[in-house]
Amino acid sequence: CSLSRVMTSSIDTTFDLKAYLRDRQQRVEAALDASLQGQYPETIYQAMRYSLLAGGKRLRPILCLATCDLIGGTARMAMPTACALEMIHTMSLIHDDLPAMDNDDYRRGQLTNHKVYGEDVAILAGDALLTYAFEWVATQTQNVPADRILQVIADLGKAVGAEGLVGGQIVDLASEGSPDVSLETLNYIHTHKTGALLRVSVTSGAILAGADDSQVETLAQYADRIGLAFQIVDDILDITATSEALGKSAGKDLAAQKATYPSLWGLEESQKQAQQLVEAAKTSLADCFGTPAQPLIALADFIVNRTH
Ligand code: GRG
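Residues numbered from 1 in each chain as written. Predicted model: local features only at pLDDT ≥ 70, side-chain atom pairs only at ≥ 80, totals over all residues. Heavy atoms only, no water.

Q: Is there a simple way to think about the overall build of the chain in this case?
A: A tally of regular secondary structure across the chain gives 15 helices and 2 strands. Seen along its three principal axes, the alpha-carbon backbone of the chain occupies a region of about 50 × 50 × 35 Å. Between the mean site of the 24 positive side-chain charges and the mean site of the 38 negative ones, the chain shows a separation of 5 Å. (Helix = DSSP H or I, 4+ residues; strand = E, 2+ residues; numbered from the N terminus. Lys, Arg positive; Asp, Glu negative; His and termini not counted. Charge placed at Lys NZ, Arg CZ, Asp CG, Glu CD.)

Q: Is there a simple way to think about the pattern of salt bridges in this case?
A: Opposite charge on two side chains permits them to pair, given that their charged atoms come into close proximity. The tally for this structure, following the rule as stated, stands at 17 salt bridges. Here Arg 58 makes a salt bridge to Glu 86, at a shortest N to O gap of 2.8 Å. Pair noted here: Arg 58 is in the loop between helix 2 (42–52) and helix 3 (59–70) and Glu 86 is in helix 4 (residues 75–96), with a separation of 28 residues, a long-range link. A single burial state applies to Arg 58 and to Glu 86, both of which are buried. Arg 108 serves as the salt-bridge partner of Glu 86, at 2.9 Å between the closest nitrogen and oxygen. Note that Glu 86 is positioned in helix 4 and Arg 108 in the loop between strand 1 (106–107) and strand 2 (110–111), a separation of 22 residues in sequence. Bridged by salt links that share partners, the residues Glu 29, Arg 58, Glu 86 and Arg 108 form one connected network. (Salt bridge = Lys/Arg side-chain N within 4 Å of Asp/Glu carboxyl O. Buried < 20%, exposed > 50% of the residue type's maximum accessible area, 1.4 Å probe, protein only.)

Q: Would you mind going over the packing of aromatic side chains with me for this structure?
A: Aromatic rings in a pair are described by how distant their centres are and how their planes are angled relative to each other. Summed over the entire model, instances satisfying the criterion amount to 4 aromatic pairs. On the numbers, 5.0 Å between centres and 40° between planes, the contact of Tyr 261 with Trp 265 is tilted. With Tyr 261 and Trp 265 both in helix 13 (residues 261–265), this residue pair falls 4 residues apart, about one helical turn. When its relative accessible area of 0% is taken as the criterion, Tyr 261 is described as buried. (Phe/Tyr/Trp six-rings, centres within 6.5 Å; stacked < 30°, edge-to-face > 60°.)

Q: Whenever I open this one, the nonpolar core confuses me. Can you help?
A: Grouped burial of nonpolar side chains is what soluble globular proteins tend to show. One finds Leu 63, Leu 219, Tyr 222, Leu 296 and Leu 299 to be the most contacted residues of the largest nonpolar core, which totals 90 residues. Once residues lying within four places of it in the same chain are set aside, the contact partners of Leu 296 are Leu 63, Ala 66, Thr 67, Leu 70, Leu 219, Tyr 222 and Leu 285. (Core = buried A, V, L, I, M, F, W, Y, C linked by side-chain atoms within 4.5 Å. Contact = heavy atoms within 4.5 Å.)

Q: Help me understand the site of the ligand, please; the structure alone is not making it clear to me.
A: Lining the immediate surroundings of the ligand are 19 residues, of which Lys 57, Arg 60, His 89, Arg 108 and Gln 169 lie closest. Contacts to the ligand include Lys 57, whose side-chain N or O atom sits 2.6 Å from an oxygen atom. His 89 has a polar side-chain atom sitting 2.8 Å from an oxygen atom of the ligand. Here the ligand has 750 Å² of accessible area as a free molecule, and 90% of this is covered by the chains. Those elements that place two or more of their residues in the shell around the ligand are helix 4, helix 8 (165–175), helix 9 (183–208) and helix 10 (213–240). Ranked by residues supplied to the shell around the ligand, first place goes to helix 4 with 5 residues. Partitioned by chemical class, the residues of the shell around the ligand number 7 nonpolar, 5 polar and 7 charged. (Near = heavy atom within 4 Å. Polar contact = N/O pair within 3.5 Å; in protein donor to acceptor, adjacent residues only side chain to side chain. Areas by Shrake-Rupley, 256 points an atom, 1.4 Å probe, with all protein chains shown as cover. Nonpolar A, V, L, I, M, F, W, Y, C, P; charged D, E, K, R; others polar.)

Q: Honestly, unusual backbone geometry in this entry has me stumped. Any pointers?
A: Glycine aside, negative phi is the norm for most residues, and most peptide bonds take the trans geometry. Here Tyr 40 and Pro 41 are connected by a cis peptide whose omega angle stands at 0°. Relative to the helices and strands, Pro 41 is located in the loop between helix 1 (17–35) and helix 2. Unlike most non-glycine residues, Arg 58 shows phi in positive territory, near 60°. Of the residues examined, Arg 58 reaches a relative accessible area of 1% and is grouped as buried. Phi is positive for Arg 108, close to 50°, though the residue is something other than glycine.

Q: I'm lost on the layout of surface pockets in this one. Help?
A: Here the idea is plain: a probe the size of a water molecule rolls over the atoms and shows the empty space left. Roughly 480 Å³ of volume is contained in the second largest pocket. Together, 22 residues line the second largest pocket, and Asp 155, Ala 196, Arg 199, Val 200 and Thr 203 are the ones closest to its centre. Mapped by element, the contributors of at least two residues to the lining of the second largest pocket are helix 7 (146–160), helix 9 and helix 10. Classifying every residue of the lining of the second largest pocket gives 8 nonpolar, 8 polar and 6 charged. (1 Å grid on protein atoms, 1.4 Å probe; cavity = no way out; pocket = protein on both sides within 12 Å on 5 of 7 lines; lining within 4 Å. Points joined across faces, edges and corners; volume = space filled by probe spheres on them.)

Q: Is there a simple way to explain helix 1 in this structure?
A: Given 3.6 residues per helical turn, the α-helix brings residues three or four places apart onto the same face. Its 19 residues give helix 1 an end-to-end C-alpha distance of 26 Å, which sits within 8% of 27 Å, the value for a rise of 1.5 Å per residue. Among all positions in helix 1, only Leu 17, Tyr 20, Leu 21, Arg 24, Val 28, Ala 31, Leu 32 and Ser 35 are buried. For helix 1, the angular spread of buried residues about the axis comes to 100°, placing them on one side. Those residues of helix 1 that are exposed and angled more than 90 degrees off the buried face are Lys 18 and Gln 26. The opening residue of helix 1 is Asp 16, an N-cap whose side-chain oxygen sits 3.3 Å from the backbone nitrogen of Lys 18. (Expected span 1.5 Å × (residues − 1). Arc of directions from axis to C-beta.)

Q: What am I meant to see in the environment of Ala 286 here?
A: Inspection of the secondary structure assignment puts Ala 286 in helix 14 (residues 267–289). It is 9.4 Å that separates the C-alpha atoms of Ala 286 and Leu 296, two residues lying 10 residues apart in sequence.

What follows is the structure in structure tokens.
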């Protein structure tokens, strides 16, 4: 970042993340609810709403709103993209839970989409959410120059397709039953399956608000670091947390003999690596943006300290 202003040590750490998250989650919930008001065909809208409005941390929309705000944009500029990110994330969870993929019965503390509506409807609900996400950004984004919206749509497409989520998922599926996959493969899986969507969540808000290339680059690096830390913590929680706390089946990685960061490094080293990534993410952001980056800095801590 070209605007080196302050060091991390001078950042005020009294930021109330709990209140911030509560406020943003409420706004995102309301916007998601308003975004999906179709009535017919009834089954598809019910299935889409069932998963989209099932709670969750709403981390991706919140990251998008936070970076838009950081660069001086308004919440209205970013909200359609924030909703689209959650639609894409939700569709990936619906498809990931299908018998042909991870075969899960519970997600976000409730039965998975296919358990309630059947596999056929769950596949279609995912498809409908995915396509609607792009439509929503294109038709609902206001007060943003068209070239920025186009950039965001292109970045979203890249993050979801074979160079993003789909690429990560396919290598993940191919690695199942091979607990000895290399660190390189494990990193590939996670930078694509989880990291790509987190990266575009962070960069899209900034792009909509008119960030310059160096600001986008600094934010992308922050996203990559917290994305990897997020996944390491996810792997740790799969071992240490209960299914009740997670809202989905715990202990699945071990049962499926899946390679994970803890299986490669052990629990303690994994925790250390996650902590180091988060510290590096926080420092570069503080150096570049100073106090206005507080929400993103606090979010980085939240990711590594979360319990579900
Ligand atoms: C995207 C076309 C397309 C197909 C999907 C199934 C698939 C390809 C990819 C799998 C992506 C996946 C399920 C990644 C895991 C991401 C992850 C760590 C999810 C948990 O995210 P949280 O903790 O969940 O943010 P909540 O419930 O809080 O939103």
